[in-house]
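Now for the letters of each chain:
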Amino acid sequence: MKLKKWIFIAVFLVIFYYIFIVNIFLTLSIIFALIVAYKLYKFYAKMKLNKLVTSKEMFRESELGHFIALTAKVAKADGRVHELEAQLIGMMFDDISKVFNEKIKARDIMKSIFNEEKQTIDDTKDIAKSLNELLGKSIIKRRQYVSFLIQLAYIDSGISSDEEKLLREIVQELNIPADVYDTIVNSFENKMKNRNQTMDASEAYKILGVKETDDMNTIKKAYRKLIRQYHPDIISSQEKDESYMEEATAKTQEINQAYQVIKDIKKV
């Protein structure tokens, strides 16, 4: 047994020697080539992305344009875009625009697409079907986009029946099984229930990091700072697991609840 072990070690060392020492130049060349290829890919992807701001039409036909269109449909599904939904969408525009060289132009285009697309929800299925084709085989992106749309619907007072109907149309066209959608929604609901217990004044002030003697301007600044810090970021979510979106949404709800408690106390 010991002999076999030493033979195995000897063979391994010989292979290691010839691959990484005798052919060290070849090994380093391969590593360098892979690094260069990755850099070129990132550069090409960046160039391709920045071409989208050439025109609103080009941006609208992109994957991001389709996603923003669906965001508009979900936000307006129950008749109007609520204040919290508008706030979250505004931060989403800020997050996405950061990846463009012309940030202000990109944000203006996204806002224009959103305002146009929120006028009707009749074409939601067609847009979702088109986005499904653009996403190819990317299951992760599908679930990330759906998670964002779910938390957008949840951000005010939970998912309404109209929002629920629209979300199910979207997930169906994105080829996401109904049970997977239900699992994501249930996960959101469980986290919301754990956070949305009755909150007293002292806890509300503690969550926002303010004092009872602070005026509403100070409290509002603290609130906005926390919302911006913890809101679900659609760009960051692509590098994290699904729980990120759920936790971010739960934290956002908690901050909103604390702010509402303090507003009620101060009768604002």
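A word on a nonpolar patch on the surface
A contiguous nonpolar surface patch, about 300 Å² in accessible area, is contributed by F32, V36 and L40. Tracing the sequence through the fold places L40 in helix α2 (residues 24-50). Residue L40 is classed as exposed on the basis of its relative accessible area of 54%.

A look at empty space enclosed by the protein
One pass over the structure, following the stated rule, counts one cavity of 30 Å³ or more. Here the largest cavity defines a volume of roughly 40 Å³. When residues in the lining of the largest cavity are grouped by element, the largest group, four residues, is from helix α5 (residues 83-97). A breakdown of the residues in the lining of the largest cavity according to their chemical character gives five nonpolar, three polar and no charged.

Overview of the layout of surface pockets
Estimated volume of the second largest pocket: approximately 330 Å³. Broken down by secondary-structure element, the contributors of at least two residues to the lining of the second largest pocket are α5, α12 (216-230) and α13 (243-266). For the lining of the second largest pocket, the leading source of residues is α12, giving five residues. Split by residue class, the lining of the second largest pocket holds five nonpolar, three polar and five charged.

Comments concerning the packing of aromatic side chains
Tallied over the entire structure, the rule returns five aromatic pairs. Both rings, one in F67 and one in Y145, keep their centres 4.5 Å apart while their planes meet at 20 degrees; by these two values the pair is stacked. Pair noted here: F67 is in helix α4 (residues 63-75) and Y145 is in helix α8 (residues 139-154), with a separation of 78 residues, a long-range link. A connected cluster of aromatic rings, assembled from ring pairs, spans F67, Y145 and F148.

The rules behind the values
Residues numbered from 1 in each chain as written. Predicted model: local features only at pLDDT ≥ 70, side-chain atom pairs only at ≥ 80, totals over all residues. Heavy atoms only, no water. Patch = residues over 30% accessible without salt bridge, like charges linked within 9 Å, V, L, I, M, F, W, Y side chains within 5 Å. Areas by Shrake-Rupley, 256 points an atom, 1.4 Å probe, with all protein chains shown as cover. Salt bridge = Lys/Arg side-chain N within 4 Å of Asp/Glu carboxyl O. Helix = DSSP H or I, 4+ residues; strand = E, 2+ residues; numbered from the N terminus. Buried < 20%, exposed > 50% of the residue type's maximum accessible area, 1.4 Å probe, protein only. 1 Å grid on protein atoms, 1.4 Å probe; cavity = no way out; pocket = protein on both sides within 12 Å on 5 of 7 lines; lining within 4 Å. Points joined across faces, edges and corners; volume = space filled by probe spheres on them. Nonpolar A, V, L, I, M, F, W, Y, C, P; charged D, E, K, R; others polar. Phe/Tyr/Trp six-rings, centres within 6.5 Å; stacked < 30°, edge-to-face > 60°.

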